[in-house]
Amino acid sequence: MNLIAILEKTVTSDKNELAAAETYLEQAALSNLPEFLKKLSDVLQHGGNTPVARMAAGLQLKNTLTSKDPNVRSQYQERWLSFSPDVRNYIKNNVLSSLGTENHRPSSAAQCVAYIACAELPHNEWPQLIGILTQNITSPLSTEMMKEATLEAIGYLCQDIQDFDVLSAHSNDILTAIVHGMKKDESSNHVKLAATNALLNSLEFTKANFEKESERHFIMQVVCEATQSAETQVKVAALQCLVRIMSLYYQYMEHYMGPALFAITMEAMKSDCEEVTLQGIEFWSNVCEEEVDLAIEASEAAELGRPPEHTSRFYAKGALQYLVPIIMQILTKQDEGDDEDDWNPCKAAGVCLMLMASCCEDSIVPQIGRASCRERV
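Residues numbered from 1 in each chain as written. Predicted model: local features only at pLDDT ≥ 70, side-chain atom pairs only at ≥ 80, totals over all residues. Heavy atoms only, no water.

Caption draft 1: Representation of a nonpolar patch on the surface in the model. There is a patch of nonpolar side chains on the surface, built from W343, V351 and M354 and spanning about 330 Å² of accessible area. With respect to the element layout, V351 can be found in helix 19 (residues 345-360). (Patch = residues over 30% accessible without salt bridge, like charges linked within 9 Å, V, L, I, M, F, W, Y side chains within 5 Å. Areas by Shrake-Rupley, 256 points an atom, 1.4 Å probe, with all protein chains shown as cover. Salt bridge = Lys/Arg side-chain N within 4 Å of Asp/Glu carboxyl O. Helix = DSSP H or I, 4+ residues; strand = E, 2+ residues; numbered from the N terminus.)

See the structure below:
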């Protein structure tokens, strides 16, 4: 039977045809998996095939490389590494050359590249990959689809690789690629969104970059600029980056809080867009959680007669007079039709208020009193 026709039937509404297609694909994988994966990569790589066939080929290939179950995922990765170098190189060349050639989103090739990399990079295989991906994004000849798909691949890789140390060695190249896609002069919102999501997934292993002032300034500048995007998805993703950065790198944020982060997050909390509002609230909830932890650390250090390793900057206490009125205003906006299971700004504001009370203790009481008086007026 024709593999392309079979792959196209994996999206049919006819249950019999779908069952037959799935049975065929399962048997093909069982009979000779390496050859089957080579054929799937051929279908994905050939631009003349239908988008449905290419997408289905990519999905089938990806599903042999990863799983939500960690044990199964490890087995799949070991199985991949057991294939001959010729087979693996053939497939890798096909999926790499497929980046930027698809006309559907998200890119199937990006997932295949990422999950092969998750298997190979920890074993020092495919050492040239990160350089190739960086070149795909920074080259002036690269198309919008090429940059977007490559950034998606980086995002998946950063999100799902199990050993962060593997990527730490490549953090400079990865950040170069990501920041290039987030720049103000990047005209494509699709590229900016893929880059911002990739940054969000990469923050765990960029500690060395955040420790260097010049690099930290540049990263923070790019993220703060992205929060001002007119595209809601880019704005939300950039705010998510700030939330995560505050949790991971609190000790480095003093330089940015007054000039940028305070105003950006206050504006976000006042937004008419719930997704934006939620991230503004989440930012201050994270600040409160960090400062509660730092207060505990300071107390324990005092008992031991030594200075604490990290100290609080008391951002929440300093911002109370501005935060509480906004939080109280959001709390009044609960809609009776809201689903109890849905996370919304009202619920987030309630949690944030409790965290502020835990963090700032008695200092919050007069602020709530003043805000309540304003609401009544």
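Caption draft 2: Seen up close, unusual backbone geometry. In this chain, R105 is followed by P106 through a cis amide linkage whose omega measures -5°. Its place among the elements puts P106 in the loop between helix 6 (85-98) and helix 7 (108-120). A positive phi is found at N124, a non-glycine position, where the angle reads about 60°. Its location among the elements puts N124 in the loop between helix 7 and helix 8 (129-138). Backbone geometry places F314, a non-glycine residue, at a positive phi of 55°. Relative to the assigned elements, F314 resides in the loop between helix 17 (274-303) and helix 18 (315-331). Accessibility expressed as a relative area gives 52% for F314, which makes it exposed. (Buried < 20%, exposed > 50% of the residue type's maximum accessible area, 1.4 Å probe, protein only.)

Caption draft 3: Structural context of the environment of L355. For L355, the position within the fold is in helix 19. Residue L355 is classed as buried on the basis of its relative accessible area, which comes to 18%. For the pair L355 and V287, spaced 68 residues apart in sequence, the C-alpha to C-alpha distance is 9.2 Å. Ignoring sequence-local partners within four residues, the contact set of L355 consists of S285, C288 and E289. (Contact = heavy atoms within 4.5 Å.)

Caption draft 4: Spatial organisation of the packing of aromatic side chains. Summed over the entire model, instances satisfying the criterion amount to eight aromatic pairs. Centroid distance Y250 to Y315: 5.3 Å. Interplanar angle 55°. Geometry classified as tilted. Of the two residues, Y250 sits in the loop between helix 15 (232-248) and helix 16 (254-269) while Y315 sits in helix 18, which places them 65 residues apart along the sequence. Given the relative accessible area of 3%, Y250 is considered buried. Members of the aromatic cluster, connected to one another through ring pairs, are F262, F283, W284 and Y322. Of note, K38 hangs over the ring of Y90, and the distance from its end group to the ring centre comes to 4.8 Å. (Phe/Tyr/Trp six-rings, centres within 6.5 Å; stacked < 30°, edge-to-face > 60°. Lys NZ or Arg CZ within 6 Å of the ring centre and 35° of its normal.)

Caption draft 5: Here's a closer look at the pattern of salt bridges. Tallied over the entire structure, the rule returns 12 salt bridges. Here K38 ties to E35 by a salt bridge, and the two come within 3.6 Å at their closest N and O atoms. Note that K38 and E35 are positioned in helix 3 (residues 33-45) at a spacing of three residues, about one turn of the helix. Relative accessible area serves as the criterion here: at 34%, E35 is assigned to the partly exposed category. The salt bridge partner of K207 is E211, with a shortest N-O separation of 4.0 Å. Connected via shared salt-bridge partners are R88, K92, E120 and E125.

Caption draft 6: The packing of helix 5 (residues 70-82) against helix 7, seen in detail. Two elements in contact, helix 5 and helix 7, have axes whose closest approach is 9 Å; the angle formed by their N-to-C orientations is 85°. One element, helix 5, and the other, helix 7, form an angle in the roughly perpendicular class. Contact residues: helix 5 offers Q77, W80 and L81, while helix 7 offers I116, C118, A119 and E120. In terms of residue class, the contact of helix 5 with helix 7 is built from five nonpolar, one polar and one charged. (Axes fitted to C-alpha atoms, helices over the stretch in contact; angles between N-to-C directions. Parallel < 35°, antiparallel > 145°, perpendicular 65-115°, else oblique. Nonpolar A, V, L, I, M, F, W, Y, C, P; charged D, E, K, R; others polar.)

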